[in-house]
Structure formats: structure tokens, C-alpha cells
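Residue strings, one per chain:
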Amino acid sequence: MKKIILLTLLIIGIGNATTYQVVHLKRGSSLNVREIPEVRYGTSVGRIPAFATGIEIRHCKYNRRGQNWCYISYPIGGSYLEGWVKRSYLAPLRGGYRSKRYIQNFLRNFYKADEEDFLDKLHSFYRFPMQQYLWRKNVSLMQLRSQKVRFYKKWGNRDYRLTALKILKRRSNYIDVQATVRWKMKGYKAFREGRDVQKLRLIPQGNSFKILALKNLSHWVKPEPKVDKEENLTIATSKVSIKQEEKEDNIVKKDDALKRGYYIKVGSFFGNINPNFLKNITKIGYPYTIQKVVNPSNREGIIRRVLIGPFNSKTLVEESLTSVKEKINRGAYIQVIN
């Protein structure tokens, strides 16, 4: 009798440890999560998508109509959605937490959490100290938290969308993935949108993962349009030719004036800038500005200065200088624009 009870408890324990996925729903549809185990108007507390995984069942019961319902918990970003769903829409996760579907769901929640001010729960996604975070290595929880605080203050509204996922390498103790993320960010009188391709190393942690390393493989920012006020025409910055600029009397125009802040000067060029040099800057996730000034030794020539920035604080620019010297130019230095 004791053996039977022990076996029953073991089976229950295994059942509770199992994670589930949504089944029997069309792609693009969603499943209502309800406050009570009944289909009634106004009882919905939220929805979970057809691709949802990582669902935990707290307990199940039959309602008065004989329908089997389960109380579930589903992670969304840094929060959880809890409520009742019909048991028929749930099935044990196929392939376990190492399946591509589970990894996709995990990363969707990871990027979704960055839309929120997710500072107090960073440890739920990251493994500290991190091997690498963007261009920095051996990053602690406090270092990442400090960086996130500055970033969230600058960009109050953020939107991230995981658009592609590729499994690069599977090992017993880690999985390397490549994620493509489209993002939009809005701050005070500022808006940016673009796309990042990132490589992440995931470490198994129980029935889920922790992120041990994250770095940008590519970083693309959509160019900002410029408005010609006199003709009321919108023209792209990249379409303004150098010859047109050289014909003007004032080489340094108002559009080329630098904003106040801290910059890292990485080079001065008397001719055209090698595109690979600029590409290396964007690869590691930095914005840059090309400042054109008259060559003092040659009135007809132009010096093109490449500056990374602006940075909002001295601390942030000093932290970035080490990486820039290592990856872009050892002779780089800080320049302050007042």
C-alpha cells in the first residue's frame, strides 16, 4: 500500500513539473483565459497565442457541466497571466524545453520584458556574471541594471518583435541561437527604429534557460529624413552629394552641427571614408556622426571627422571608450561638445 501511495505521489510530482503548449488552435488565433471555469461574457482576463509554450498547470477540475478545466500560469514578458482554460486545448510540450518552439517562446518573453521597466527581475532571464553583453564582458547584475536604467530613461517607450530564429549549435550544457529583432524606440522628441541580429548563448536552468551571453552580429538603424523648409521637401541624408556641399560657401552647415554631449573621436579623413570602417562601428551597436570641416591647409579640401555618440554621461562614454579602442581604433579619444 505504501508503495502505491509513493508511486502516486511521484506521478503527481512529475505531472506538476511538466510544461504544456497550446493545441487545436489555428495559426494567428488565441485562447481566452478566464476568471472562472465557465464560458461566460466578461470573464476573460487575457489571451494566450496559438504558439504559446511553457504553460504550467496548477490544478484541474470538472465544472458543473462535466467539462474539464485547468488553472494555468503563462509567462508574458516579465509577468504571468493566470486563469482557467479548457483542458482539451493543452498538451505536454513536444520536444521539451530544448525544442525550437519553446526557445522561440522564451525569447519572445525575453524581448517583451525589455519593453517593460524590467529591472527588479533581470536575474530571471540572465545568468550572472554574463560572459558577454553586447561589447562588454563579465557583466554583473549591478552593471547591467545600471546600463538598463540609463537606457530606459532615454527611451521611455520600446517595442521589440522577434522575427526570425536560427539554432546555431546544440550542446548538452548550452545552446547557441541567432535571433533577428525589429525594434522601435521613442524618447523625448526622438524616435528610432531598426533591426538587430543577435547571437545568444542559452544555459539550461531547470525546465527553462538563462542567457549567459548576448552580442550584436549586426545593427541597422533606419535613416532619419531631413526636411528642406524652404521648398517643403523631404530628402534623405544619404542622397545629398559631396559635390553639392563643396559648392556651398559655408562647408559646416547647421545640419552638420553636433548636439551637446560626449563623443568618441575615432578618425579624421581627407578623402572618402572606407565603408568597412563605418560598418565595423555599426556592427558593435554604436551610432556615429560624420562632421565635415574645411581643411585649414587647403581651402578646397574637406576633413571628415568620424565621432561615435552622443553619450549622455561621462561615465557611459568612459565605459565605451575601452571597447572602441579595442575594436575600432586604439587612438580613439573622448571629445566634449558644449
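See above for the structure.
Residues numbered from 1 in each chain as written. Predicted model: local features only at pLDDT ≥ 70, side-chain atom pairs only at ≥ 80, totals over all residues. Heavy atoms only, no water.

Undergrad: Whenever I open this one, the overall build of the chain confuses me. Can you help?
TA: A count of helices and strands for the chain gives 6 helices and 19 strands. Burial statistics for the chain: of 338 residues in total, 39% are counted as buried. Within the chain, contacts between residues separated by at least 24 positions form 58% of all contacts whose residues are at least 6 apart in sequence. Total accessible area on the chain stands at roughly 20,900 Å², and carbon and sulfur atoms take up 51% of it. (Helix = DSSP H or I, 4+ residues; strand = E, 2+ residues; numbered from the N terminus. Buried < 20%, exposed > 50% of the residue type's maximum accessible area, 1.4 Å probe, protein only. Contact = heavy atoms within 4.5 Å. Areas by Shrake-Rupley, 256 points an atom, 1.4 Å probe, with all protein chains shown as cover.)

Undergrad: Looking at this model, I keep getting lost on the pairing of strand E5 (residues 68–76). Mind explaining?
TA: Regular strands place their side chains on alternate faces of the sheet. Sheet topology note: the strand E4 (residues 55–62)/E5 ladder contains 6 bridges and is antiparallel. The residue bridging His 59 from the neighbouring strand is Tyr 71, located in E5. In this antiparallel pair of consecutive strands, E4 and E5, the connection spans 5 residues, and Gly 66 shows a positive phi of 85°. Bridging between E5 and strand E6 (residues 79–86) involves 8 bridges; their strand directions are antiparallel. Within E6, the position partnered with Tyr 71 by the bridge is Trp 84. Between E5 and E6, which pair antiparallel in sequence order, lie 2 residues; one of them, Gly 77, sits at a positive phi of approximately 65°. (Pairing = 2+ DSSP bridges.)

Undergrad: Whenever I open this one, the side chain of Arg 136 confuses me. Can you help?
TA: Here Arg 136 is to be found in strand E9 (residues 136–139). You can call Arg 136 buried: its relative accessible area is 19%. For Arg 136, the contacting residues outside a window of four places in its chain are Gln 131, Gln 143, Gln 147 and Glu 319.

Undergrad: Just checking my understanding: could you explain the sheet that holds strand E12 (residues 190–205) for this structure?
TA: Hydrogen bonding along the main chain pairs the strands of a sheet, whether they run parallel or antiparallel. Taken together, the 6 strands give an open sheet; going across it, the order is E9-E8-E13-E12-E11-E10, and neighbouring strands pair in mixed fashion. Two strands lie at the open edges of the sheet, namely E9 and strand E10 (157–170), each paired on one side alone. Geometrically, the sheet is characterised by an average inter-axis angle of 25° between neighbouring strands, direction not taken into account. The pairing of strand E8 (residues 130–133) with strand E13 (residues 208–221) spans 2 bridges and is classified as parallel. Counted as the bridge partner of Gln 132 is Ala 213 from E13. Sheet contacts for helix H3 (residues 141–154): E8, E9, E10 and strand E11 (175–187); angle to E9, the most-contacted strand, approximately 125°. (Axes fitted to C-alpha atoms, helices over the stretch in contact; angles between N-to-C directions.)

Undergrad: What is the right way to look at the state of the cysteines in this model?
TA: What makes a disulfide is a covalent bond joining the sulfur atoms belonging to two cysteines. Per the stated rule, a full pass over the model turns up 1 disulfide. Paired by a disulfide, Cys 60 and Cys 70 hold their sulfur atoms 2.0 Å apart. For the disulfide bridge between Cys 60 and Cys 70, the dihedral angle about the S-S bond is near 100°, and by the sign convention the bridge is right-handed. Taken together, the positions of Cys 60 in strand E4 and Cys 70 in strand E5 put the pair 10 residues apart, joining distant regions of the chain. (Disulfide = S-S within 2.5 Å.)

Undergrad: Just checking my understanding: could you explain the environment of Leu 90 for this structure?
TA: Here Leu 90 is to be found in strand E7 (residues 90–92). Overall, Leu 90 belongs to the buried group, its relative accessible area being 5%. For the pair Leu 90 and Tyr 20, spaced 70 residues apart in the sequence, the C-alpha separation amounts to 6.2 Å. For Leu 90, the residues in contact, after removing those within four places along its chain, are Tyr 20, Gln 21, Val 23, Ile 55, Ile 57, Cys 70, Ile 72 and Val 85.

Undergrad: Looking at this model, I keep getting lost on the pairing of E10. Mind explaining?
TA: Where E10 lies against E11, 12 bridges are found, and the strand directions are antiparallel. When the sheet's bridge partners are listed, Leu 165 is paired in E11 with Ala 179. Linking E10 to E11, which pair antiparallel, is a turn of 4 residues.

Undergrad: Could you clarify how one ought to interpret the pattern of salt bridges in this entry?
TA: A pair can form between side chains of opposite charge whenever their charged atoms are brought close. Summed over all chains, the structure comprises 11 salt bridges. For Lys 148, the salt bridge is made with Asp 114, and the minimal N-O distance between the two is 2.9 Å. With a gap of 34 residues between them, Lys 148 in helix H3 and Asp 114 in the loop between helix H2 (100–113) and E8 connect regions that are remote in the sequence. The burial state of Lys 148 is the same as that of Asp 114; both residues are buried. A salt bridge links Arg 161 to Glu 115; its shortest N-O distance comes to 3.4 Å. Of this pair, Arg 161 sits in strand E10 while Glu 115 is found in the loop between H2 and E8, placing the two residues 46 residues apart along the sequence. Since its relative accessible area comes to 17%, Glu 115 is described here as buried. Several salt bridges share partner residues, and in doing so they unite Lys 112, Glu 115, Asp 159 and Arg 161 into one network. (Salt bridge = Lys/Arg side-chain N within 4 Å of Asp/Glu carboxyl O.)

Undergrad: Sorry if this is basic, but what is going on with the packing of aromatic side chains here?
TA: What describes a pair of aromatic rings is the distance from one ring centre to the other and the angle between the planes of the rings. The full count for this structure, using the stated rule, is 15 aromatic pairs. Each ring, one from Tyr 71 and one from Trp 84, has its centre 5.4 Å from the other, and the planes form 75°; the classification is edge-to-face. One end of the pair, Tyr 71, is in strand E5; the other, Trp 84, is in strand E6, and 13 residues separate them in sequence. Judged by relative accessible area, Trp 84 falls into the buried class, the value being 8%. One aromatic cluster is present, built from ring pairs that chain together Tyr 97, Tyr 102, Phe 106, Phe 110, Tyr 111, Phe 125, Tyr 126, Phe 128, Tyr 133 and Phe 209. The ring of Phe 51 has Arg 108 sitting right over it, with the charged end atom 3.9 Å from the ring centre. (Phe/Tyr/Trp six-rings, centres within 6.5 Å; stacked < 30°, edge-to-face > 60°. Lys NZ or Arg CZ within 6 Å of the ring centre and 35° of its normal.)

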